[in-house]
Amino acid sequence: MSDDTDRLTELAKRRGIFFQSSEAYGGVSGFYVYGPAGATLKENLQDAWRDRFVRREGHMEIEAPNVMPEPVFEASGHLDGFDDMIVECPECGTSHRADHLVEDNTDIEEAESIAIGDIEDIIAENDLVCPACGTELAGESVEDFNLMFETNIGPGSSSPGYLRPETAQGIFVEFPRLKEYARAQLPFGVAQVGAAYRNEISPRKGLVRLREFAQAELEHFVDPERDDPPLAEVEDVEVTLYSEARQDDPDGEPLTMTVEEAVAEGVVGSDWVAYYLGVAQGWYERIGVDMDRFRYRQHRSGELAHYAADCWDAEAEVGGDWIEITGFAYRGDYDLSKHGEYADDDFTIFRQYDDPVTVERAVVDPDMSYLGPEFGGDAGAVADALETLAERDRSAFEGESVTVEVDGESYTVPVEQTGFAVEETTESGEHITPHVVEPSFGVDRVVYTVLAHSYRTDSAGEEEERTVLSLPPELAPTTVAVFPLMDKDGLAERAHEVAERLRASGFEVAYDDSGSIGRRYRRQDEVGTPFCVTVDYDTLDDDTVTVRDRDSTAQARIAVDDLPGLVADLRSGEATVADL
């Protein structure tokens, strides 16, 4: 980590932003506590996300359980395809994530997309060793390791379950009911903010790679043939794109273009993904991400998730590394189709035609008085297989008999016993499986990025260097700090009254009467408090206070009666202290 990253981590621990959990028992990697300042910062960021991606987009939000039964993850593909590469040291027994070893010790980037056999070769060719004890890892096998935390639901082991590895499945599983709340009208979006769990092999870099972390995910259900995004709203937004083609080019660099150009030139293949890249760009700027240290990177074909047709990551530079903070995926109909296949419910939407249409349908009406005696307990399955075959291939019924397969066994039925017929029907619509567009935000990584990008040191015209977190006011854990100039002559009592008045107006307020005013300012600067109010002897005479701005250190004299409205304007950006 860089020096700034080390200093930020020390500041975060000292000022109650975040710190490792269970330190009294030696700590556990991958689990962190948000302290009083950090918990408020995180909640403010999540509220800003809800404002932009839920309320302003007209979507709905749910809260699903953290534990879900095993069949959910069998259907979703997580039981078979949610793995990372692991290599174990033969000497000390420490397990390491193999692709991270390669990335940390070679010039190779995005090693996650490389096949296991090739990773083993790279470890051998580069003489990579165990970071814990220095033992050579050449010749050691690299294996897949499933990242889900397993548990049992209820007593015994008959009902296995898992802590959810993403919040998305809680939305997909409830789609049959959620579509009712949307009046079965596409498009509609469902969001969820909550914890997810992944049993990471080697958690590292503070909040960057955790075993318990927060996600803010939106699943936007669309009709792929009818629903288009409102691209005009973001067409002029400039985005920095690092496409797969440019990653494959040794001299390739990210390219900045408008959303409209990215769609027109085919750089971003999905209009919906392009739309959300544009929406997110403005949101990142709003919450304080340094756009000179930000880009969108397209997933290479080898690293695409099992559900994704196309995926772009929002990446931020922190401590010299590019870290993924959000994934934008076009998931197609994968999720709803899989749950429709495994679950006993309907994961489709009825699409109304503009005008009714007359179509020919192949149907069967098997004679069960024949199938029952002939096939016994398999008669029902044979009837179902005949129905499926008629829908798929009506020519199979042109002969005297038809053969179907059930559980690997073939059954031949005389056509006259199948009740096969081709009928004309008038239909007013059809059932379709919606496609899904997913912006998935790693809340902790976004928090960490905002902290890193807002962290700076300067003198600000003072003799002593100060540390500043230049957090946007809407994210800052404390909006305003109130100080009495002295703790005597009634100044403290008046300062308490001012603080209580601001709290009653809905602001997060800190009160501090310890040390010099300069030191109190610096304490608030380094925790990101944007405004400070000082009550002095003039306050007792004319009921005015001094308001100070964190970033510019500008000060202005304000009447106490005007203070709540002014702080609201300062917080929203409608006014600045310098203007006063």
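What counts as what
- Residues numbered from 1 in each chain as written.
- Predicted model: local features only at pLDDT ≥ 70, side-chain atom pairs only at ≥ 80, totals over all residues.
- Heavy atoms only, no water.
- Helix = DSSP H or I, 4+ residues; strand = E, 2+ residues; numbered from the N terminus.
- Contact = heavy atoms within 4.5 Å.
- Areas by Shrake-Rupley, 256 points an atom, 1.4 Å probe, with all protein chains shown as cover.
- Lys, Arg positive; Asp, Glu negative; His and termini not counted.
- Charge placed at Lys NZ, Arg CZ, Asp CG, Glu CD.
- Phe/Tyr/Trp six-rings, centres within 6.5 Å; stacked < 30°, edge-to-face > 60°.
- Buried < 20%, exposed > 50% of the residue type's maximum accessible area, 1.4 Å probe, protein only.
- Lys NZ or Arg CZ within 6 Å of the ring centre and 35° of its normal.
- Patch = residues over 30% accessible without salt bridge, like charges linked within 9 Å, V, L, I, M, F, W, Y side chains within 5 Å.
- Salt bridge = Lys/Arg side-chain N within 4 Å of Asp/Glu carboxyl O.
- Polar contact = N/O pair within 3.5 Å; in protein donor to acceptor, adjacent residues only side chain to side chain.
- Pairing = 2+ DSSP bridges.
- Axes fitted to C-alpha atoms, helices over the stretch in contact; angles between N-to-C directions.
- Parallel < 35°, antiparallel > 145°, perpendicular 65-115°, else oblique.
- Left-handed = near helix turned anticlockwise from the far one by under 90°.
- Nonpolar A, V, L, I, M, F, W, Y, C, P; charged D, E, K, R; others polar.

## Section: the overall build of the protein chain
Next up, step 1: The helix and strand inventory of the protein chain stands at 19 helices and 28 strands.
Next up, step 2: In terms of principal-axis extent, the alpha carbons of the protein chain reach across some 105 × 65 × 55 Å.
Next up, step 3: Of the contacts formed within the protein chain by residues at least 6 apart in sequence, a portion of 65% connects residues at least 24 apart.
Next up, step 4: If you sum the accessible surface of the protein chain, you get close to 27,000 Å²; carbon and sulfur atoms cover 42% of it.
Next up, step 5: Here the protein chain contributes 47 positively and 126 negatively charged side chains, and the mean placements of these two sets differ by 10 Å.

## So, the packing of aromatic side chains
Next up, step 1: Per the counting criterion, the structure on display carries 23 aromatic pairs.
Next up, step 2: Measuring from ring centre to ring centre gives 6.0 Å for Phe 175 and Phe 188, while their planes differ by 15°; the resulting arrangement is stacked. Residue Phe 175 is found in helix α8 (residues 175-181), and its partner Phe 188 is found in strand β10 (residues 188-197); the two are separated by 13 residues along the sequence.
Next up, step 3: Judged by centre distance (5.7 Å) and plane angle (85°), the rings of Tyr 296 and Phe 328 are edge-to-face. Of the two residues, Tyr 296 is situated in strand β14 (residues 294-298) and Phe 328 in strand β16 (residues 321-332); the sequence distance between them amounts to 32 residues.
Next up, step 4: Residue class for Phe 328 comes out buried when judged on its relative accessible area of 1%.
Next up, step 5: A network of ring pairs unites the aromatic residues Trp 49, Phe 53, Trp 283, Tyr 284, Phe 294, Tyr 296, Phe 328 and Phe 441 as a single cluster.
Next up, step 6: Looking at Arg 295, its charged tip hangs above the ring of Trp 322, at a distance of 4.1 Å from the centre.
Next up, step 7: Note that Arg 548 overlies the ring of Tyr 521, its terminal NZ or CZ placed 4.2 Å from the centroid.

## Concerning a nonpolar patch on the surface
Next up, step 1: Together, Leu 485, Met 486, Tyr 537 and Leu 540 give the surface a local cluster of nonpolar side chains, amounting to about 320 Å² of exposed area.
Next up, step 2: Within the secondary structure layout, Tyr 537 lies in helix α18 (residues 537-542).

## Brief notes about the side chain of Ser 440
Next up, step 1: By the element assignment, Ser 440 lies in strand β21 (residues 435-442).
Next up, step 2: Reaching out from Ser 440, the side chain makes a polar contact with the side chain of Glu 217 at a distance of 2.6 Å.
Next up, step 3: With residues near it in sequence (within four places) discarded, Ser 440 still touches Gln 215, Ala 216, Glu 217, Ile 325, Thr 326 and Gly 327.

## So, the environment of Thr 403
Next up, step 1: Its place among the elements puts Thr 403 in strand β18 (residues 401-406).
Next up, step 2: If we ignore the near neighbours within four places in the chain, the residues touching Thr 403 are Leu 389, Ser 410, Tyr 411 and Thr 412.
Next up, step 3: A distance of 3.0 Å separates a polar atom in the side chain of Thr 403 from a polar atom in the side chain of Thr 412.

## Observations regarding the sheet that holds strand β28 (residues 555-559)
Next up, step 1: Pairing is mixed across the open sheet formed by 5 strands, whose spatial order is β25-β24-β26-β27-β28. The open sheet has two edge strands, β25 (509-511) and β28, and neither has a second partner. Between one strand axis and the next, the sheet turns by 25° as a mean value, whatever way the strands run.
Next up, step 2: With 3 bridges joining them, strand β24 (residues 480-484) and β25 adopt parallel strand pairing.

## Section: the packing of helix α16 (residues 491-504) against helix α19 (residues 563-572)
Next up, step 1: Relative to each other, α16 and α19 sit at 55°, their axes nearing to 10 Å. Classed by the angle they form, the pair α16 and α19 counts as oblique. The hand of the α16/α19 crossing is right-handed. Contacts between α16 and α19 pair Val 498, Arg 501 and Leu 502 from the former with Leu 563, Pro 564 and Val 567 from the latter.
Next up, step 2: Of the residues assigned to the contact of α16 with α19, the class counts are 5 nonpolar, no polar and 1 charged.

## Some words on unusual backbone geometry
Next up, step 1: Going from Leu 186 to Pro 187, the amide bond is cis rather than trans, its omega being -5°.
Next up, step 2: Position of Pro 187 among the secondary structure elements: in the loop between α8 and β10.
Next up, step 3: You will see that Asp 127, though not glycine, has its phi angle at about 50°, which is positive.
Next up, step 4: Considering the arrangement of structural elements, one finds Asp 127 in the loop between α6 (116-125) and β7 (142-146).
Next up, step 5: At Asp 407, a position not held by glycine, the phi torsion is positive, near 50°.
Next up, step 6: As for its placement among the helices and strands, Asp 407 is situated in the loop between β18 and β19 (409-414).
Next up, step 7: Among the residues examined, Asp 407 registers a relative accessible area of 80% and is labelled exposed.

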